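For reference, the chains in residue letters:
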Amino acid sequence: MSTTEVAQDSASESKAMSFAEKQAERMKRLRSLHTARNEARSHNHQEVVAEEARNKLPPNYEAKRRQAEWLMEDQKKREEAAKEGKDYDRVKLLNISATEAERLERKKKKKNPDQGFSTYEQATVRQYNRLVKNMPSVDMEQYDKQKQKYGDAFYGGPNVIIHGMHEDRKDAVDKMVNDLEGQIAKRAKYSRRRIHNDDADIDYINERNAKFNKKLERFYGEHTAEIKQNLERGTAI
């Protein structure tokens with residue numbers, strides 16, 4: 001075989017190897033693209049399922065979840081402080097600035113002012129908040145026992161009948177009776193403290209007339225606002 005023929009065979013072999021390598025590289029890239037596409041498809045499906053689950057939750061679910069986690073953490077720290085014989089409120093105040101402590105104190109004073117009776121809805125809300133505030137701390141051991149006992153019926157639902165499944169404890173019934181008796185006794189001797197506004201207009205001649213004017217303003221104020229302004233300006237016809 002001549003030198004020319006040897007050189008041609010070497011060149012053809014080199015070209016063949018180069019083509020095989022390129023083909024292998026292309027197949028490797030194709031498999032990589034297939035894998036990436038499958039991963040993206042799986043990830044998109046998981047996101048769709050998660051988004052659908054989030055859409056079925058109540059609008060304030062996240063806020064309530066964060067609040068529940070904070071309450072559980074706060075209760076845990078309070079119990080730890082009680083075991084160590086420390087005042088938890090005092091320990092908590094040591095970890096915040098004086099400005100923040102002053103702001104919390106002002107907020108605490110303004111948290112539940114007695115605004116008097118406005119509507120039955122507001123009165124019900126105030127009563128509900130008072131009852132919730134006076135509730136004892138959560139007994140997680142009892143909570144877990146009831147959860148295991150009732151299973152799916154623990155959370156209730158449209159197709160679950162829970163009537164007759166729960167048994168009221170005697171101490172819980174006694175606590176409710178004592179609370180109702182306390183409400184009755186407090187209501188019998190209650191005298192509402194009204195917040196006096198020094199900047200309000202004096203349009204009454206005595207206390208009875210002031211109460212009557214407040215009732216008129218509550219029921220007819222929005223309908224007679226323009227007439228009242230015209231009378232005050234002296235432009236009424």
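Caption draft 1: Main features of the overall build of the protein chain. Within the protein chain, the regular secondary structure consists of eight helices and zero strands. Mapped from its N terminus to its C terminus, the protein chain presents α and β elements in the order α-α-α-α-α-α-α-α. Taken over 237 residues, the protein chain has a buried fraction of 5%. A sequence separation of at least 24 residues applies to 37% of the contacts in the protein chain between residues at least 6 apart. With the model as given, the accessible surface of the protein chain reaches about 22500 Å², and the carbon-plus-sulfur share is 54%.

Caption draft 2: Region of interest: a negative patch on the surface. On the surface, Asp 201, Asp 203, Glu 217 and Glu 232 cluster together into a negatively charged patch. Mapped onto the secondary structure, Asp 201 falls in the loop between α7 (170-188) and α8 (207-233). Under the relative-accessibility criterion, Asp 201 is labelled exposed at 64%.

Caption draft 3: Molecular detail of α8. Here α8 contains 27 residues, and its C-alpha end-to-end distance of 26 Å is more than 12% below the 39 Å for a straight helix at 1.5 Å per residue. Bending of α8 peaks at approximately 90° at the position of Gly 221. Inspection of α8 places Ala 210, Asn 213, Gly 221 and Asn 230 among the buried residues, and these make up the whole buried set. Gly 234 sits one or two positions beyond α8 and adopts a positive phi of about 80°.

Caption draft 4: Fine view of the pattern of salt bridges. Counted by the stated rule, this structure contains eight salt bridges. Among the ionic pairs, Lys 86 bridges to Glu 84, the shortest N-O distance being 3.3 Å. On the basis of relative accessible area, Glu 84 is assigned to the exposed category, the value being 56%. The salt bridge involving Arg 169 is made with Asp 171; its shortest N-O contact spans 3.4 Å. The class of Arg 169 is partly exposed, set by a relative accessible area of 46%. Each of Glu 62, Arg 65 and Glu 69 takes part in a single network of salt bridges with overlapping partners.

Caption draft 5: Local environment of the side chain of Gln 183. Mapped onto the elements of the fold, Gln 183 is located in helix α7. Within the structure, the side chain of Gln 183 is placed 2.6 Å from the side chain of Asp 179, a separation counted as a polar contact. Residues within four places of Gln 183 in sequence aside, it is in contact with Gln 127, Arg 130 and Leu 131.

Caption draft 6: Summary view of a nonpolar patch on the surface. Among the surface-exposed residues, Val 173, Met 176, Val 177 and Leu 180 lie close enough to one another that they form a single nonpolar patch of about 310 Å² accessible area. The residue Val 177 is located in helix α7 in this model.

So, how was this worked out
- Residues numbered from 1 in each chain as written.
- Predicted model: local features only at pLDDT ≥ 70, side-chain atom pairs only at ≥ 80, totals over all residues.
- Heavy atoms only, no water.
- Helix = DSSP H or I, 4+ residues; strand = E, 2+ residues; numbered from the N terminus.
- Buried < 20%, exposed > 50% of the residue type's maximum accessible area, 1.4 Å probe, protein only.
- Contact = heavy atoms within 4.5 Å.
- Areas by Shrake-Rupley, 256 points an atom, 1.4 Å probe, with all protein chains shown as cover.
- Patch = residues over 30% accessible without salt bridge, like charges linked within 9 Å, V, L, I, M, F, W, Y side chains within 5 Å.
- Salt bridge = Lys/Arg side-chain N within 4 Å of Asp/Glu carboxyl O.
- Lys, Arg positive; Asp, Glu negative; His and termini not counted.
- Charge placed at Lys NZ, Arg CZ, Asp CG, Glu CD.
- Expected span 1.5 Å × (residues − 1).
- Bend = angle between axes of the 7 residues up to and from the residue.
- Polar contact = N/O pair within 3.5 Å; in protein donor to acceptor, adjacent residues only side chain to side chain.

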